[in-house]
Amino acid sequence: NDVRNELHKAGLVFSPETALGAMIETPAAAATVRDILEQVDFISVGTNDLLQYFMAADRDNESVLHYQDAASPAFLWLLDLIIKHARESGREMDVTVCGEVSSDPHMLPHLFRMGYRSFSISPASAGVFRTACAEFRQTAAVRGRQASIR
């Protein structure tokens, strides 16, 4: 509402139905997802910057590039914390993952299991993303059948 009020006071034309969102790109933002979700309509988890700041490793510095591991237990914990806090607020469907992680076929199963369901990907990644989704669904279906047999 504050942003909408500021736009109105400035005399700028905008649609009152415009959804307002926030980027979650720092560890501080990740830790305060509940508070941020009270102020916005949606959040996008910017995994490129979030990983860099969380691991304290500049992605342009070759000597620390090995710390840029999105599959590290620490970063997976942070991603899980974000969606967990959104879920506890009843807002998990208002969370989108963007950045390299959102179309990494090795990361998608982790994200699906955590509960992420919205991804912002480049058009070039669409095929890889669709294949990873299909493989995850197939694996989940097989596990479901196996569990029902037991």
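Our subject is the structure listed above.
Residues numbered from 1 in each chain as written. Predicted model: local features only at pLDDT ≥ 70, side-chain atom pairs only at ≥ 80, totals over all residues. Heavy atoms only, no water.

## As for the state of the cysteines
What counts is decided by this rule: In plain terms, two cysteine sulfur atoms within 2.5 Å form what is called a disulfide here.
One pass over the full model with this rule turns up zero disulfides. Left without a disulfide partner, Cys-98 is nearest to the cysteine sulfur of Cys-133, which lies 16 Å away.

## Considerations on the pairing of strand E1 (residues 21-24)
Keep this limit in mind: Accessible area is worked out with a 1.4 Å probe on protein chains only. A residue is then buried under 20% of its type maximum, exposed over 50%, and partly exposed in between. Put simply, DSSP marks the helices as runs of H or I at least four residues long and the strands as runs of E at least two long, and each gets a number from the N terminus on. Pairing between two strands requires that DSSP report at least two bridges joining them.
Here E1 shows one buried face, formed by Ala-22 and Ile-24, and one open face, formed by Gly-21 and Met-23. As paired strands, E1 and strand E2 (residues 42-46) are joined by four bridges and run parallel to one another. Considered in E2, the bridge of Ala-22 is made with Ile-43.

## A word on the packing of helix H4 (residues 47-55) against helix H5 (residues 73-88)
Stated formally: Interaxial angles span 0 to 180 degrees and are taken between N-to-C directions of axes, which are lines fitted to C-alpha atoms, for helices over the stretch in contact. In this scheme, roughly parallel covers angles under 35 degrees and roughly antiparallel covers those over 145, while 65 to 115 is roughly perpendicular and the rest are oblique. In this scheme, a crossing is called left-handed if the near helix is turned counterclockwise away from the far one by less than a right angle; it is called right-handed if the turn is clockwise. Contacts between residues were defined by any pair of non-hydrogen atoms, one from each residue, lying within 4.5 Å. Each residue is assigned to one class: nonpolar for Ala, Val, Leu, Ile, Met, Phe, Trp, Tyr, Cys and Pro, charged for Asp, Glu, Lys and Arg, and polar for all the others, Gly among them.
One can describe the packing of H4 onto H5 by two numbers: an axis separation of 11 Å at closest approach and a directional angle of 125°. Taken together, H4 and H5 sit at an angle that is classed as oblique. H4 and H5 meet at a crossing whose hand is right-handed. Residues Thr-47, Leu-50, Leu-51 and Phe-54 of H4 touch H5, and the partners they reach there are Ala-74, Phe-75, Trp-77, Leu-78, Leu-79 and Ile-82. Within the contact of H4 with H5, the residues separate by chemical class into nine nonpolar, one polar and no charged.

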